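# Topology and contacts: notes
Now for the letters of each chain:
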Amino acid sequence: LAKTTQPISMDSYEGQEVNITCSHNNIATNDYITWYQQFPSQGPRFIIQGYKTKVTNEVASLFIPADRKSSTLSLPRVSLSDTAVYYCLVPGGGATNKLIFGTGTLLAVQP
Amino acid sequence: EPEVTQTPSHQVTQMGQEVILRCVPISNHLYFYWYRQILGQKVEFLVSFYNNEISEKSEIFDDQFSVERPDGSNFTLKIRSTKLEDSAMYFCASSDGTQLYNEQFFGPGTRLTVL
């Protein structure tokens, strides 16, 4: 199974752009990269998913270089409410695509 | 917007007692999951369920655990004889399974405290 590595924590201020990078050196050819967000005492929530180059939705952008060994989640103009743990995931394999969570990146946004 | 619901939000039980955690997945979803998160630790996969049977389970999901979809809407996780180390947040999730890497929708969780 491909393993992901991301920083344990990051600090930011309101209004800044935040980029969280994840390494997945052993990603398989068919694997997509998915990011989830988790607020304290809540279930994880899907943010964005991509395979290559760039994906953008109303919440974030995801940048994936050509070798796909890493990916960067970009959050534009963060607010205090973006304080959460952000998880980078690649498929857990098996028939039902279970999610294998790492420790994630705790983003702390300050005023 | 459709959402996954879970009951109860908090369950306190004595060691050795049986507990049943309940989930109502999103109505047109086909795949159902249970995850747990011990306080301060990672979210861990427990089991996936499709077509009225277990599709996959982790090492955590031993004989003390069982899942059931007793009717068309509920999805339950039963722990037969709870242990102190079963104390955790338990999250139910569902997905529609129409795409290979489709999004999983998580419920708000049930906090299980075993005394």
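These figures come from a predicted structure and were not determined experimentally. (Residues numbered from 1 in each chain as written. Chains lettered and ligands numbered in written order. Predicted model: local features only at pLDDT ≥ 70, side-chain atom pairs only at ≥ 80, totals over all residues. Heavy atoms only, no water.)

A word on the pairing of strand 5 (residues 53–56) of chain A. Consecutive side chains along a regular strand alternate between the two faces of the sheet. Residues and elements named next belong to chain A. As paired elements, strand 5 and strand 6 (residues 61–64) share 4 bridges and run antiparallel to each other. Its bridge partner lying in strand 6, V55 is registered against L62. Here strand 5 hands over to strand 6 after 4 residues, the two strands then running antiparallel side by side. (Pairing = 2+ DSSP bridges. Helix = DSSP H or I, 4+ residues; strand = E, 2+ residues; numbered from the N terminus.)

Okay, the state of the cysteines next. Residue and element names in this part refer to chain B. For the structure shown, the criterion picks out 2 disulfides over all chains. Paired by a disulfide, C23 and C92 hold their sulfur atoms 1.9 Å apart. Looking along the S-S bond of the C23-C92 disulfide, the torsion reads about -65 degrees, which is the left-handed sense. Of the two residues, C23 is situated in strand 3 (residues 19–24) and C92 in strand 9 (residues 88–95); the sequence distance between them amounts to 69 residues. (Disulfide = S-S within 2.5 Å.)

Attention now goes to the sheet that holds strand 4 (residues 45–50) of chain A. All names here are of chain A. Within the open sheet, the 5 strands sit side by side as 1-9-8-3-4. Their pairing is mixed. Each edge of the open sheet carries a strand with a single partner, namely strand 1 (9–13) and strand 4. Averaged over neighbouring strand pairs, the angle between their axes works out to 25 degrees when direction is ignored. Strand direction decides the pairing type here: strand 1 and strand 9 (residues 105–110), joined by 5 bridges, are parallel. Note on strand 9: the bridge partner recorded for S12 is V109. (Axes fitted to C-alpha atoms, helices over the stretch in contact; angles between N-to-C directions.)

This part is about the environment of Y33 of chain B. Position of Y33 of chain B relative to the elements: it lies in strand 4 (residues 31–37). Along the primary structure Y33 of chain B and F105 of chain B are separated by 72 residues, whereas in three dimensions their C-alpha atoms are 9.7 Å apart.

Applying the stated rule across the entire model yields 2 salt bridges over all chains. K98 of chain A is paired through a salt bridge with E56 of chain B; the nearest N and O atoms lie 2.4 Å apart. With K98 of chain A in the loop between strand 8 (84–89) and strand 9 and E56 of chain B in strand 6 (residues 53–57), the pair connects residues from two separate chains. On the basis of relative accessibility, which here comes to 16%, the residue E56 of chain B falls in the buried class. In this structure, R36 of chain B engages E44 of chain B in a salt bridge whose closest nitrogen and oxygen atoms are separated by 3.1 Å. A residue is classified by how much of its surface remains accessible, and R36 of chain B, at 10% relative accessible area, is buried. (Salt bridge = Lys/Arg side-chain N within 4 Å of Asp/Glu carboxyl O. Buried < 20%, exposed > 50% of the residue type's maximum accessible area, 1.4 Å probe, protein only.)

So, on to the sheet that holds strand 7 (residues 70–75) of chain A. Residues and elements named next belong to chain A. Ordered by their spatial adjacency, 4 strands build an open sheet running 2-7-6-5, and the pairing between neighbours is antiparallel. In the strand order of this sheet, the two ends are held by strand 2 (18–23) and strand 5, each with one partner. Neighbouring strand axes in the sheet, compared pairwise and without regard to direction, differ in orientation by 15 degrees on average. Of the pairings in the sheet, the one linking strand 2 to strand 7 comprises 6 bridges and is antiparallel in character. Looking at strand 7, one finds that S23 is bridged to S70.

Listed as interface residues are 20 residues of chain B and, on the opposing side, 23 residues of chain A. Interface area for chain B against chain A, summed over the two sides, is near 1800 Å², with a carbon-plus-sulfur share of 55%. Applying the counting criterion to the chain B and chain A interface returns 1 salt bridge. For the interface between chain B and chain A, the tally reads 5 residue pairs in polar contact (both at pLDDT 80 or more). Secondary structure elements with two or more residues in the side of chain B that touches chain A: strand 4, strand 5 (43–50), strand 6 and strand 9 of chain B. A total of 4 residues in the side of chain B that touches chain A trace back to one element, the largest contributor, which is strand 4 of chain B. Of the residues belonging to the side of chain B that touches chain A, the class tally is 11 nonpolar, 5 polar and 4 charged. (Contact = heavy atoms within 4.5 Å. Buried area = accessible area lost by both parts, 1.4 Å probe. Polar contact = N/O pair within 3.5 Å; in protein donor to acceptor, adjacent residues only side chain to side chain. Nonpolar A, V, L, I, M, F, W, Y, C, P; charged D, E, K, R; others polar.)

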